[in-house]
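A closer look at the structure
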Amino acid sequence: MEAPSMDTVYQAISALYNNPNGTEKEKASIWLGDVQKSIHSWKIADQLLQQKKDVTSCYFAAQTMRSKVQHNLSELPPEAVVSLRDSLVSHLEVCTNTNAAILTQLCLALADLALQMPSWHNCVSDLIKLFSNKNDFALLEILTVLPQEIDSSNLKLGENRREDIKAELRANSQVVTLFLKESLNSSQNSEIALKIVKCMTSWIQVKAMSIQEVPQNAVIGFSLQVLRDHNSINSLHDAASDCICAILHCLEDNNNNDEVERLLFDSISSLEESYHMAVAHEEEEKAANYARVFTELAETFLEKIIVATASGNVHFAMRSLELALVCVGHHDYEVAEITFNLWYRLSEEVYQRDYQPLIDAFKPHIERLIEALARHCQCEPDHTQLPEEGDEFFEFRMKVMELIKDVVFMVGSSAVFRQMFTALQSETSWEQMEAALFIMQAVAKNILPEEYEYVPKVVEAILSMPEESAHPAVRKTCILVLGELGEWVQRHAEWLPPALQTLLRALPDAKLAPAAAAALQNICAACRSQAAGHAAALLQAARLADSLRLPPHAAATLVRALAAALGRLPHDQLEVAMREAAAIQLLGLRELLKGERELRKGSSSDPAVWLDRLAALFRDVDAPAAPPGSNHPCMPAFKDAWPVINDIMDKYIADGRVMERACRTVRFAVRAAGKAAAELLPEFVRAFPALYAQRPHPCVLYLAAVFADALATAPAAPAALTHLLHALLPRALTLLAAPQGLRDNPDTVDDLFRLCIRYLQRLPLEFLSSGALPDVLQCSARAAALDHREANSSLMKFLTDLLRATDARTNNEQVVALANTTISTYGEELTFALLEASVIHLHSYMLSEVAEVMVELVSWQRAHGVDWLRGALARLPRAPAAPAAATDHQCWQFHAYAARTNKCKEMTRLLRDFARLYR
């Protein structure tokens, strides 16, 4: 775009911030966005800041400047970058009474510029000289954001530059500490004090401050003083808590200074009285801050506490666990939740050591923890229902359940059950009773089937509970507890009939139906053989699902319970029952095929409702193999269902959700019937390519992978499956070859390579000789850079399997020859694509699977793989030509280590470290 006039810019900014007309605002926003992207925005922003016409124009200019420095600094020649620095400094020097947001944006712009200017040596010292005694507030802000921006994902600094900057920060730490101390002593302004503490926290977090200097550090001392005073300003209290947590986190990584450790522990543990004062004065935010500090204190010393305890000693920091438990006892569950990570870490450390005296030492802490959590899980007395999913209290209770499952081994599930049963026996309110049952629900699955002292009493109490007088929330949790006791019921079959009757009676109650259906499914899955005798009752319940108005998910769960019971029926009865159970759902689908009812999600007019139930039936039936000479008992039901499913897909071809549910149903039916499903393979080969040609739904590719996996060994199946592959691949590859095709269709990438994996595993010769491989490998090289976790995982698994197909020890000669020819042709390009993706495009957590492929590539005919890696490194950017890149020596070092490693963990570490040089 051409450079706009300043008047036009001012008019657009005014329209954006002041015009009440939404249309005009949107137009202004789009136009100003285009201005910001243009090269002219550098000059425009500078002029706006010089003219200082109003706050909105200055804020727009500052935000533009920060964005341009962050993302588009390469637009400027080197000499212009120096001018830009001087301009930003001059703007900030006069920003004494400026809006805080404008100041922050300008400070961020200058900080980001300094980080991207290797030529600006000793920038920290220069900044202090430039702003000291001119604008200390701006200097505090710059010194705060500079360390924070070092690891910003928006700045591709590269590890070399980051290390240079951190070294410079460490070299200037004493100067900064002195400046902060003097600022603290010379100002009584709480806002200045807040900035000072935040600045110190930033420097601590990047480990620029030495642990040895903690005793003399005035800001850390001031932060502890703020925390001792429960009347301090909230924002300052928050910042002081952040600062102390930051120094504790650093201490955990540098835990070799006993003097500093003891000093910090004594100082922080003395804050217990301040915590109690905050609680007494109902200062919830401050109580949460103390909980954060106490939890960080315990986590800092946790390893030393455990090592000392395992040796039979008591570490002085053991009291930090008591402090964390004090916070768990706070009346607000959000304060208790702050400590959860500590208990996870404690349980993990103790579990890994597997040492009974260690478990016994921490058992009292866990008992108190569970007791306190039971109190926190109590609902409000005036509530009539349990919290629903999405509610904050519901989410908290789910976290409690996960935590208890994680730590319960330290006290024993039976002990928790006994503890909660004792609470139930006393005169308790409904919310106390429900909370005790909820804790029981968390541990019920771990109860040993041989337990006969307390579980029978609990089960009897649940089954005999009067339905009319019991609180609905208590009834619901009782039902969930019963469902978790499925394995116990399996060993005590006399309790199965009354349990099933209780759960079936609860289905008509809309508030209890989902819980009852889930409990039925759990119990029937655990007691398949015994539940088979109750199949008729379950079938009747499934038939009445719509008249009972069961929610869709509950109805599908009920069908899963039915399927689990049906699977253990005799062969002839199972065949009949499966057809009858399937017919109930097919009737609903046939009704939809007859008319043109409007699809309402979750109602009887939604084909997904009926397909989900049908899928649940085939998914959980787990039918044993048919006797010799007999048809598979699931095939008659499958043959009844297939024409209806096919018609549904034809009718709803445009609806991806319905198509996904239909493919899912066919998938479970094929899995249930096994090789017997090959009888329908010719029909599948006719239907699915036609459907995919109309609309390329990725689920069709996934289903084709299932066919290959389940049916490849059936007679005549290889030819049909090869035909299916040739029919589907061209359309998928064309879709992905389009501009942005990979990024716009990650599910297709995922399912395409799943398909290739299954064909390579089940029909390797047919796949490798199909002629499709060149296009697939070219697509693989392009897709390597796609930062979609599932898609990338499937791609890497395919490439790993392809490379392993070259192993003559596990594959026949033809397969090995074809695989070797393929790798020799595409190995070099794949090596570069994977390396480039690793260092520039992919998240670090995705590199472990890339590493597996790299190990195989480098080791393939060793000389070739090593040469390919050397060539790939030569094509990457190099420092100092590229600001974020590896040096020649670092590339040589990476090549030397990578060329000789044959372990995925080592290659993963090498890739992650190397990638940091480019980010």
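Residues numbered from 1 in each chain as written. Predicted model: local features only at pLDDT ≥ 70, side-chain atom pairs only at ≥ 80, totals over all residues. Heavy atoms only, no water.

To continue, consider the overall build of the protein chain. Scanning the protein chain for helices and strands turns up 48 helices and 0 strands. Seen through its principal axes, the protein chain has C-alpha atoms that stretch 95 × 75 × 65 Å. Accessible surface, the protein chain as shown: approximately 39,900 Å² in total, 50% of it carbon and sulfur. Averaging the locations of the 86 positively and 114 negatively charged side chains of the protein chain gives two centres separated by 4 Å. (Helix = DSSP H or I, 4+ residues; strand = E, 2+ residues; numbered from the N terminus. Areas by Shrake-Rupley, 256 points an atom, 1.4 Å probe, with all protein chains shown as cover. Lys, Arg positive; Asp, Glu negative; His and termini not counted. Charge placed at Lys NZ, Arg CZ, Asp CG, Glu CD.)

The next point concerns the state of the cysteines. By the definition in use, this model includes 0 disulfides. Not part of a disulfide, Cys634 finds its nearest cysteine sulfur in Cys524, a span of 17 Å. Distance from the sulfur of Cys699, which forms no disulfide, to the nearest cysteine sulfur (Cys663) is 3.6 Å. (Disulfide = S-S within 2.5 Å.)

Bringing the side chain of Glu484 into the picture now. Mapped onto the elements of the fold, Glu484 is located in helix H25 (residues 472–484). The exposure class of Glu484 is buried, given its relative accessible area of 17%. Every residue in contact with Glu484, bar those within four places of it in the chain, is listed here: Gln441, Ala444, Lys445 and Asn522. (Buried < 20%, exposed > 50% of the residue type's maximum accessible area, 1.4 Å probe, protein only. Contact = heavy atoms within 4.5 Å.)

A general tendency of soluble globular proteins is for nonpolar side chains to be buried together. In terms of nonpolar packing, the biggest core is built from 360 residues, with Trp343, Phe638, Phe798 and Phe914 touching the most fellow members. Take this core: its biggest share by element is 12 residues, from helix H16 (residues 284–310). With residues near it in sequence (within four places) discarded, Phe914 still touches Leu835, Val839, Leu873, Leu876, Ala886, Gln890, Cys891 and Phe894. (Core = buried A, V, L, I, M, F, W, Y, C linked by side-chain atoms within 4.5 Å.)

Now for the side chain of Thr339. Assignment of secondary structure puts Thr339 in the loop between helix H18 (333–337) and helix H19 (340–353). A residue is classified by how much of its surface remains accessible, and Thr339, at 0% relative accessible area, is buried. Polar contacts involving the side chain of Thr339 include one to the side chain of Trp343, which spans 3.0 Å. Setting aside residues up to four positions removed in sequence, Thr339 forms contacts with Thr295, Ala324, Cys327 and Val328. (Polar contact = N/O pair within 3.5 Å; in protein donor to acceptor, adjacent residues only side chain to side chain.)

Next up on the list: the packing of helix H33 (residues 607–620) against helix H35 (residues 656–673). Across the interface, H33 lies against H35 with an axial gap of 8 Å and an inter-helix angle of 15°. By the angle between their axes, H33 is roughly parallel relative to H35. Relative to H35, H33 is oriented so that their crossing is left-handed. When H33 is examined against H35, the residues Pro607, Ala608, Leu611, Asp612, Leu614, Ala615, Phe618 and Arg619 are found in contact with a partner set consisting of Arg657, Val658, Arg661, Ala662, Arg664, Thr665, Phe668, Ala669 and Ala672. Of the residues assigned to the contact of H33 with H35, the class counts are 11 nonpolar, 1 polar and 5 charged. (Axes fitted to C-alpha atoms, helices over the stretch in contact; angles between N-to-C directions. Parallel < 35°, antiparallel > 145°, perpendicular 65-115°, else oblique. Left-handed = near helix turned anticlockwise from the far one by under 90°. Nonpolar A, V, L, I, M, F, W, Y, C, P; charged D, E, K, R; others polar.)

This part takes up the environment of Ser125. The topology assignment puts Ser125 in helix H7 (residues 123–131). According to the relative accessible area criterion, Ser125 is buried, its value standing at 16%. Here the alpha-carbon distance between Ser125 and Leu795, two residues 670 residues apart in the chain, equals 49 Å.

This brings us to the pattern of salt bridges. By the definition in use, this model includes 51 salt bridges. Here Lys134 makes a salt bridge to Glu93, at a shortest N to O gap of 3.4 Å. A residue pair is termed long-range when its members are at least 10 positions apart, and Lys134 in the loop between H7 and helix H8 (136–149) and Glu93 in helix H5 (residues 78–93) qualify at 41 residues. Here Asp151 and Arg162 are joined by a salt bridge, their closest N and O atoms 3.9 Å apart. Of the two residues, Asp151 sits in the loop between H8 and helix H9 (159–171) while Arg162 sits in helix H9, which places them 11 residues apart along the sequence. Residues joined in a network through salt bridges with shared partners are Asp151, Glu159, Arg162, Lys166 and Arg916. (Salt bridge = Lys/Arg side-chain N within 4 Å of Asp/Glu carboxyl O.)

Turning next to a negative patch on the surface. Among the surface-exposed residues, Glu334, Glu388, Glu389, Asp391, Glu392 and Glu395 lie close enough to one another that they form a single negatively charged patch. Within the element layout of this structure, Glu389 appears in the loop between helix H20 (356–376) and helix H21 (392–407). Judged by its relative accessible area of 68%, Glu389 falls in the exposed class. (Patch = residues over 30% accessible without salt bridge, like charges linked within 9 Å, V, L, I, M, F, W, Y side chains within 5 Å.)

With that settled, consider the packing of helix H15 (residues 272–280) against H16. Contact pair H15 / H16: the axes reach a minimum separation of 8 Å and the direction vectors enclose 155°. One way to sum up the angle between H15 and H16 is to call them roughly antiparallel. Judged by the twist between their axes, the crossing of H15 over H16 is left-handed. Between H15, through Glu272, Ser274, Tyr275, Ala278 and Val279, and H16, the contact on the second element is made entirely by Lys286, Ala287, Tyr290 and Phe294. Among the residues making up the contact of H15 with H16, the classes are represented as 6 nonpolar, 1 polar and 2 charged.

Helix length check: H35, at 18 residues, gives a terminal C-alpha distance of 26 Å against a target of 26 Å (1.5 Å per residue), a fit within 8%. For H35, the full list of buried residues reads Val658, Met659, Ala662, Cys663, Thr665, Val666, Phe668, Ala669, Val670, Ala672 and Ala673. Close packing links the buried residues of H35 with H33, helix H34 (635–651), helix H36 (681–694) and helix H37 (698–711). The N-cap of H35, judged by a side-chain oxygen 3.0 Å from the amide nitrogen of Arg657 a few residues on, is Asp655. At the C-terminal side of H35, Gly674 shows a positive phi close to 65°. (Expected span 1.5 Å × (residues − 1).)

Here the residue pair Ala879 and Pro880 is connected by a cis peptide bond, since its omega of 5° sits within 30 degrees of zero. In this fold, Pro880 is placed in the loop between helix H46 (862–875) and helix H47 (888–900). Despite not being glycine, Asn122 has its phi angle at roughly 55°, a positive value. Tracing the chain through its elements places Asn122 in the loop between helix H6 (100–115) and H7. Of note, Ala716 is a non-glycine position whose phi angle comes to about 70°, a positive value. Along the chain, Ala716 turns up in the loop between H37 and helix H38 (717–737). With relative accessibility at 67%, the residue Ala716 sits in the exposed group.

Next up on the list: H7. Of all the residues in H7, the buried ones are Cys123, Val124, Ser125, Leu127, Ile128 and Phe131. Where the residues of H7 are buried, they touch H5, H6, H8, H9, helix H10 (173–186) and helix H11 (190–205). Following H7 by one or two positions, Asn133 adopts a phi angle in the positive range, close to 65°.

Among the structural elements, His91 can be located in helix H5. Separated by 12 residues in the primary sequence, His91 and Leu103 place their C-alpha atoms 9.5 Å from one another.

Let's shift gears to the environment of Asp801. Mapped onto the fold, Asp801 is located in helix H43 (residues 789–804). Overall, Asp801 belongs to the buried group, its relative accessible area being 14%. Distance in space between the C-alpha atoms of Asp801 and Leu760 is 7.5 Å, their sequence separation being 41 residues. Setting aside chain neighbours within four positions, we find Asp801 in contact with Ile757, Leu760 and Gln761.

All right, on to the packing of aromatic side chains then. Any two aromatic rings considered together are summarised by their centre-to-centre distance and by the angle between their planes. Under the defined criterion, the tally for this structure stands at 24 aromatic pairs. Consider the rings of Tyr333 and Phe396, whose centres lie 4.5 Å apart with planes at 35°: the pair is tilted. Here Tyr333 is found in helix H18, whereas its partner Phe396 is found in helix H21, with 63 residues between them in sequence. Here Tyr333 matches Phe396 in class, with each residue buried. On the basis of an interplanar angle of 90° and a centroid distance of 6.2 Å, the ring pair of Phe767 and Phe798 is categorised as edge-to-face. With Phe767 in helix H41 (residues 764–768) and Phe798 in helix H43, this pair connects stretches of sequence that are 31 residues apart. In textbook terms, an aromatic cluster arises when at least three aromatic residues are bridged by ring pairs, as seen for Phe618, Phe638, Trp642, Phe684, Phe688 and Phe707. In this structure, Arg85 packs its charged tip against the face of Trp120, placed 4.9 Å from the ring centre. Over the ring of Trp610 we find Arg613; its NZ or CZ atom is 4.8 Å from the centre of that ring. (Phe/Tyr/Trp six-rings, centres within 6.5 Å; stacked < 30°, edge-to-face > 60°. Lys NZ or Arg CZ within 6 Å of the ring centre and 35° of its normal.)

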